[in-house]
Amino acid sequence: MKEVIIGIPIQWYIYLSVILFCIGVMGVLFRRNAIIIFMCVELMLNAVNLLMVAFSRYFGDTGAQVFVFFVMVVAAAEVAVGLAILMMIYRNTKSTDIDTLNKLKW
Amino acid sequence: MQLSQYLFFFLSFLAVLSALMVIIDKNPVHSVLYLIVTFFAITGHYFILNAQFLAIVNIIVYTGAIMVLFLYVIMMLNLNKEIEPHKKNIPKVAAVISAGVFMLFLIALLKGAETNMLTAARNSNIGLMDNLGKVLFKEYMLPFEISSVLFLSAMVGAVFLSKKEIH
């Protein structure tokens, strides 16, 4: 497994992560379904995780991979609570459209 | 071109294409399935980077648990048809332009990054399970234990939020 990484400069991983992160940002701005927006947040988290794993591999540092593990832990907890909140919103408004939730908009 | 470069381009193409399909497709169930494809491509990248523990955790946690949770909620709310009303075109164009400008900004920012010393990987087996487990249970013992408290509170919160109120 040692020589698999050799032909790939870290610049490529930086660009891939930037592209995936910006697709996530575009989805958050683009869509109005709250579940899709939530999925785009997960996509952004994964882009950052990929960049962190790439840097940890090229630096030879273990701490970043442990940190990615904790990011996954927090993401799992966040998804559980967030989907419960979405269920609550759907029960009260009968839709997951974010434009119906404009009570706090000034 | 080496084999690893072909593999990188194939996985990157798959990840970017299915990530685009996530935000383009109108049907939420299809979006979830495309997002699963993206996560599998990212898992392939973890295997290239020799981070085998995180690759397995990514499959189990993200594509196994989180995406099934999304799919379950979508099917329970019966959202598997297109109910999203058509938006006016101006916010869509504004979203695409602002995300594109953000991407150009980030790429321009990271273009001149000094990464010459990072071309050679020194210690290739840091992502293996025994190395990572030693670090996790020695240096990061306290955060590991605290995360269990976080999970407990998330579980209590999710049950409490989704419970029907009885009056």
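Residues numbered from 1 in each chain as written. Chains lettered and ligands numbered in written order. Predicted model: local features only at pLDDT ≥ 70, side-chain atom pairs only at ≥ 80, totals over all residues.

Caption draft 1: Main features of the overall build of chain B. Looking only at helices and strands, chain B features six helices and zero strands. When its helices and strands are written in sequence order, chain B yields α-α-α-α-α-α. Considering chain B as a whole, with its 167 residues, one finds that 24% of them fall into the buried category. (Helix = DSSP H or I, 4+ residues; strand = E, 2+ residues; numbered from the N terminus. Buried ≥ 20, exposed ≤ 12 C-beta atoms within 10 Å, placed from the backbone.)

Caption draft 2: Region of the structure containing the overall build of chain A. On a plain count of helices and strands, chain A comes out with three helices and zero strands. When the helices and strands of chain A are read in sequence order from the N terminus, they spell out α-α-α. On C-alpha atoms alone, chain A measures out to a radius of gyration of 18 Å, which is more than a quarter above the 13 Å that the 2.2 N^0.38 rule sets for 106 residues. The principal-axis extent of the C-alpha atoms belonging to chain A is close to 55 × 25 × 25 Å. Taken across its 106 residues, chain A has 42% of its residues classed as buried. A separation threshold of at least 6 residues defines the contact pool for chain A, and within that pool the share at least 24 residues apart is 49%. (Rg over C-alpha atoms; globule rule 2.2 N^0.38 Å. Contact = placed C-beta atoms within 7 Å.)

Caption draft 3: Spotlight on the interface of chain A and chain B. On the chain B side, the residues contacting the 63 residues of chain A number 71 residues. Residue assignment for the side of chain A that touches chain B shows that the elements contributing at least two residues are α1 (10–30), α2 (34–59) and α3 (63–93) of chain A. Among the elements that make up the side of chain A that touches chain B, the one with the highest residue count is α3(A) (19 residues). A per-class count over the side of chain A that touches chain B returns 48 nonpolar, 10 polar and five charged. (Nonpolar A, V, L, I, M, F, W, Y, C, P; charged D, E, K, R; others polar.)

Caption draft 4: Region of the structure containing the domain arrangement of chain B. As assigned here, chain B comprises domain 1 (1–83) and domain 2 (128–167). A separation of 23 Å is found between the C-alpha centroids of domain 1 of chain B and domain 2 of chain B. (Domains from an automatic or database assignment.)

Caption draft 5: View of the nonpolar core. L20(A), I35(A), M39(A), L43(A), V53(A), L35(B) and L54(B) are the most contacted members of the largest nonpolar core, which has 60 residues in total. Considering each element in turn, this core owes the most residues, 12 residues, to α2(A). Three or more residues apiece are contributed to this core by two domains, here domain 1 (1–83) and domain 2 (128–167) of chain B. If near-sequence neighbours (up to four positions away) are discounted, L54(B) is found in contact with V53(A), Q65(A), V68(A), F69(A), Y46(B) and G127(B). (Core = buried A, V, L, I, M, F, W, Y, C linked by C-beta atoms within 7 Å.)

Caption draft 6: View of the environment of V149(B). All names here are of chain B. For V149, the location among the structural elements is in helix α6 (residues 141–162). Note on V149: 9 C-beta atoms within 10 Å, which makes it exposed. Separated by 58 residues in sequence, V149 and P91 have C-alpha atoms that sit 41 Å apart.

Caption draft 7: Representation of the confidence of the model for chain B within the structure. Across chain B, the average pLDDT comes to 86, with 87% of residues at 70 or higher. Both confidence scores are given for the complex: pTM 0.89, ipTM 0.90. (pLDDT = per-residue confidence, 0-100.)

Caption draft 8: Here's a closer look at the packing of α2(A) against helix α2 (residues 28–48) of chain B. It is the contact of α2(A) with α2(B), at a shortest axis distance of 11 Å, that shows an interaxial angle of 5°. In terms of their interaxial angle, α2(A) and α2(B) are classed as roughly parallel. Of α2(B), the residues touching α2(A) (which contributes I35(A), I36(A), M39(A), L43(A), N46(A), L50(A) and V53(A)) are P28(B), S31(B), V32(B), L35(B), T38(B), F39(B), I42(B), H45(B) and Y46(B). When grouped by side-chain class, the residues that make up the contact of α2(A) with α2(B) number 12 nonpolar, four polar and no charged. (Axes fitted to C-alpha atoms, helices over the stretch in contact; angles between N-to-C directions. Parallel < 35°, antiparallel > 145°, perpendicular 65-115°, else oblique.)

Caption draft 9: Region of the structure containing the environment of Q65(A). Structurally, the position occupied by Q65(A) is in helix α3. Between the alpha carbons of Q65(A) and M39(A) there is a distance of 23 Å; along the sequence they are 26 residues apart. Beyond its immediate chain neighbours, meaning those up to four positions away, Q65(A) contacts V53(A), S56(A), A51(B), L54(B), I126(B), G127(B) and L132(B).

Caption draft 10: Molecular detail of the packing of α3(A) against helix α3 (residues 52–76) of chain B. The geometry of α3(A) relative to α3(B) is characterised by a closest axis approach of 11 Å and an angle of 5° between their N-to-C directions. Regarding the angle of α3(A) to α3(B), the classification is roughly parallel. Taking contact as the criterion, the partners of Q65(A), V68(A), F69(A), M72(A), A76(A), V79(A), L83(A), L86(A) and M87(A) in α3(A) are, on α3(B), L54(B), V57(B), V61(B), A65(B), I66(B), L69(B) and V73(B). Here the contact of α3(A) with α3(B) is built from residues that sort into 15 nonpolar, one polar and no charged.

Caption draft 11: Region of interest: the environment of L50(A). All names here are of chain A. Relative to the helices and strands, L50 is located in helix α2. The buried category is assigned to L50, around which 26 C-beta atoms lie within 10 Å. Along the sequence, L50 and V25 sit 25 residues apart, while their C-alpha atoms lie 16 Å from each other.

Caption draft 12: Local environment of helix α1 (residues 3–24) of chain B. The end-to-end C-alpha distance of α1(B), which contains 22 residues, comes to 32 Å, matching closely the 32 Å that a straight helix rising 1.5 Å per residue would cover. For α1(B), the complete set of buried residues consists of F8(B), S12(B), A15(B), S18(B), A19(B), V22(B) and I23(B). Down the axis of α1(B), the buried set is contained in an arc of 145°. They therefore lie on one face. Away from its buried face by more than 90 degrees, α1(B) exposes L3(B), Y6(B), F10(B) and F13(B). Lining the buried residues of α1(B) we find α1 and α2 of chain A together with α2 of chain B. (Expected span 1.5 Å × (residues − 1). Arc of directions from axis to C-beta.)

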